[in-house]
Amino acid sequence: MEEEKQPQMLKEEVLQQLRSKATELLLREEWKESIQVYSHLISLYQEYLVNTQEQADSDQITKLQKSLCLAYSNRAEARLRLRDYTEAIVDCDQALGIENAHLKTIVCKGKILLSLNQYSNALHCFTLAFCDIQNIGNSESISGYLEVCKKLEFQSRTGVFDLSDWVLNGFRGKSPELAEYIGSVQIKKSEDCGRGLFATKNMEAGTVLLVTKAIATGRGILPEPDEDSSETARLVMWKDFVDKVFDASTKCSKTHRLISTLSSGANEESLEVSDIRLFRPEAEGGFFMMEKPEMDRILNILDVNSLTEDAISAKVLGKNGDYYGVGLWILASFINHSCSPNARRLHIGDHVLVHTSGDVKAGEEITFAYFDVLLPLKKRREMCKTWGFHCNCKRCRFEEVFGCREELKEIELALEFGLDNGNMVFRLEEGMRKWMLKGKEKGYLRASFWSLYSESFRSEKVMRKWGRRIPSMDSIAESINQAVGGDERVLKVVLEVLKKNGGGGIVEMERAMKLGRGVYGKVVKKQALRALFELCSHHQSH
Ligand SMILES: C[S@@+](CC[C@H](N)C(=O)[O-])C[C@H]1O[C@@H](n2cnc3c(N)ncnc32)[C@H](O)[C@@H]1O
């Protein structure tokens, strides 16, 4: 009898030691090591359960099963911390298969689903946990999760985002929690740039089109571009960013699948048009394994699709404004460039929020600017070259035909040498009258020669001489806004002129507010928009 008991005791001892070791590693936040020990424990429990099925009494079996459930649950927690969501969910489901009301596992599953932006499923978990924990007490953190989940579920269902409090608080504290959201857009074949994102209904300036969280970002404070270390710092940051994307793709099959839909630059015309539903946070089908990611392909995809946070059609809100930041935001990567864009993006923490920067009609392609478009055609062509494509947007096509006029060439030359801005604005306006240009066409050229206008409106001397012979800043801003959407620099000059003129009346302020909606989106209420105006006024102009 004694002899029979001995191996049993030995087993217990081994299990106890492993349990203590695993708990200690978990407390020390040594996630990888704790996963190893829990994996060992799990295989031992499974082995004992199979081998002792007939000899052990039901109490022993129940105890073993409880321990197995806890081991799965703890391994899920460690995997969650390592962002290994696919495996973490599998562990949770194993644990819940043993004990379907296991509180710790339900909370862990809620946290994983929240990280995967599956708000309503996460909400279900936290609601279950909250009902249970009320009987036990200490419900604070669960109710915190519950509140966050409710808010995010609402945002992702309605597209209503309100950053007013954060803006008014001077972006203090960490950036607000944002849900992923897909508004009235779909992916379709674009005329001649592969696939693109298209509006499915008419929308006003400032309407939120999508909000998506970065797969990964690389951020850092870079040395000045002329310092020797600058290039090295940039390369180190880029490598770190690439590694993070590769890691995310390796760990999560859904992430891998979504990254695989992106263009790697080759044969863009023949790429499959992805169904927008695939990108919805609640989309099914994430948890199956598929082929491993290839580093070369990821590198190509990042070359074509990564965005910098401080790009010209973007605005960084909050603390990452201090950094140089690059990132991969999947759905935003389907947006093509145009020199007369109709969208802009706001960077908030790790999220990008894309909104219309002008009124958009159903069926219109959504575009934002990859580079500065308040420049003449020649300069834009140079920028396009560095991006590796030839822009064939409406504005480029118009300027291609129109740009050969001698007057425009002269103005372009004057722009290069900074000659007599007021006179050049006057000549351009006269020319446009003579050539009988209308609406957007005028806006295109005004946008191309924006720096002449901005310098003129800023100079009292120029305004004294030319002010009465050229259109008002208001109408120029309106015209540029119609042609190329809201732009922070145009708004800034409008605000400066308003200030100089004593703040303007209600009508002028309303107009500025409308421009502001195109620049910052409808995510801040009036008072917060005014606070952003203040920031815009103090921001260095380009
Ligand atoms: C971020 S992706 C945009 C989505 C891409 N069209 C697709 O099918 O996946 C950037 C690539 O789209 C193409 N592209 C974007 N804007 C373009 C434009 N205005 N003209 C020509 N090609 C453009 C270029 O090949 C560029 O490298």
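For the protein chain, the name recorded in an unreviewed UniProt entry is SET domain-containing protein, with Coptis chinensis as its organism.

What follows concerns the site of the ligand. Contacts to the ligand come from 20 residues, most closely from C193, G194, R195, S263 and N336. Of all elements in the fold, only β3 (195–199), α11 (295–305) and β9 (336–337) reach the threshold of two or more residues within the shell around the ligand. Its residues placed into classes, the shell around the ligand shows 7 nonpolar, 11 polar and 2 charged. Summarising the domain contributions, the shell around the ligand has at least three residues from each of domain 2 (163–368) and domain 3 (377–538).

Next up on the list: unusual backbone geometry. Glycine aside, residues mostly have negative phi angles, and peptide bonds mostly take the trans form. With a phi close to 60°, F171 is a non-glycine residue in the positive phi region. Tracing the chain through its elements places F171 in the loop between α8 (164–168) and β1 (181–182). One non-glycine residue with positive phi stands out, namely N267, at about 45°. Considering the arrangement of structural elements, one finds N267 in the loop between α10 (253–260) and α11. Assessed through the 9 C-beta atoms surrounding it within 10 Å, N267 is described here as exposed.

In space, the 3 strands of this open sheet follow the order β5-β8-β6, with antiparallel pairing throughout. Each having just a single partner strand, β5 (216–220) and β6 (307–308) make up the two edges of the open sheet. Of the pairings in the sheet, the one linking β6 to strand β8 (residues 324–328) comprises 2 bridges and is antiparallel in character. Looking at β8, one finds that T308 is bridged to V326. Its contacts with the sheet place helix α9 (residues 229–251) against β5 and β8, and it is angled at close to 160° to β5.

By secondary structure assignment, the location of C125 is in helix α6 (residues 119–136). Taking the C-alpha atoms as reference, C125 lies 31 Å from G327; in sequence the two are 202 residues apart. Each residue touching C125, except ones within four places of it in the same chain, is listed here: I106, K109, G110 and L113.

On to the sheet that holds strand β12 (residues 365–368), then. Taken in spatial order, the 4 strands line up as β2-β3-β12-β9 in an open sheet, and their pairing is mixed. Every interior strand has two partners, whereas the edge strands, β2 (185–189) and β9, have only one. Sheet topology places β3 next to β12; 2 bridges connect them, and they run antiparallel. When the sheet's bridge partners are listed, F198 is paired in β12 with E365.

Attention shifts here to the nonpolar core. Within the largest apolar cluster, 133 residues are counted, with the highest numbers of intra-cluster contacts made by I112, L210, L353 and V494. Top element by residues in this core is helix α3 (residues 58–81). It accounts for 8 residues. I112 has contacts with L80, Y85, A88, I89 and C92, leaving out every residue within four places of it along the chain.

On to helix α4 (residues 85–98), then. Its 14 residues place the ends of α4 20 Å apart at the C-alpha level, agreeing with the 20 Å of an ideal helix rising 1.5 Å per residue. Within α4, the full set of buried residues consists of Y85, T86, A88, I89, D91, C92 and A95. Residues of α4 that are buried in the fold lie against α3, α5 (103–115), α9 and α10.

Turning our eyes to something else, we now look at the packing of helix α19 (residues 473–484) against helix α20 (residues 488–500). Look at α19 against α20: their axes get within 10 Å of each other, and the N-to-C directions meet at 165°. With respect to α20, the axis of α19 lies roughly antiparallel. Of the two possible hands of crossing, α19 and α20 adopt the one that is left-handed. Within the contact between the two elements, α19 uses M473, D474, A477, I480 and N481 and α20 uses V490, V493, V494 and V497. A breakdown of the residues in the contact of α19 with α20 according to their chemical character gives 7 nonpolar, 1 polar and 1 charged.

In the sheet, β2 pairs with β3 via 5 bridges, with the strands oriented antiparallel. Note on β3: the bridge partner recorded for K189 is R195.

As a packed pair, helix α15 (residues 421–434) and helix α17 (residues 450–458) sit with axes 8 Å apart at the nearest point and diverge in direction by 125°. Here α15 is positioned oblique relative to α17, judged by the angle of their axes. In the packing of α15 onto α17, the handedness of the crossing is left-handed. Counting all contacts with α15, which are made through N421, G422, M424 and V425, the residues of α17 involved are L452, Y453, E455 and S456.

Let's shift gears to the domain arrangement of the protein chain. The domains assigned to the protein chain are domain 1 (4–157), domain 2 (163–368) and domain 3 (377–538). Computed from C-alpha coordinates alone, the two centres of domain 1 and domain 2 are separated by 34 Å. Each partner contributes residues to the interface: domain 1 has 14 residues there, and domain 2 has 12 residues. Those elements that place two or more of their residues in the side of domain 1 that touches domain 2 are α4, α6 and α7 (140–158). The leading source of residues in the side of domain 1 that touches domain 2 is α7, at 5 residues. Residues that form the side of domain 1 that touches domain 2 fall into these classes: 5 nonpolar, 6 polar and 3 charged.

Here helix α22 (residues 526–538) spans 19 Å end to end across 13 residues, near enough to the 18 Å set by a 1.5 Å rise per residue. Among the residues of α22, L529, L532, F533 and C536 are the ones counted as buried. On an axial view of α22, the arc spanned by its buried residues comes to 110°, and they lie on one face. α22 presents Q527, E534 and H538 as exposed residues on the side facing more than 90 degrees away from its buried surface. Turning to α22, the residues buried within the fold contact α8, α20 and α21 (506–520).

Basis of the calculations
Residues numbered from 1 in each chain as written. Predicted model: local features only at pLDDT ≥ 70, side-chain atom pairs only at ≥ 80, totals over all residues. Near = placed C-beta within 6 Å. Helix = DSSP H or I, 4+ residues; strand = E, 2+ residues; numbered from the N terminus. Nonpolar A, V, L, I, M, F, W, Y, C, P; charged D, E, K, R; others polar. Domains from an automatic or database assignment. Buried ≥ 20, exposed ≤ 12 C-beta atoms within 10 Å, placed from the backbone. Pairing = 2+ DSSP bridges. Contact = placed C-beta atoms within 7 Å. Axes fitted to C-alpha atoms, helices over the stretch in contact; angles between N-to-C directions. Core = buried A, V, L, I, M, F, W, Y, C linked by C-beta atoms within 7 Å. Expected span 1.5 Å × (residues − 1). Parallel < 35°, antiparallel > 145°, perpendicular 65-115°, else oblique. Left-handed = near helix turned anticlockwise from the far one by under 90°. Arc of directions from axis to C-beta.

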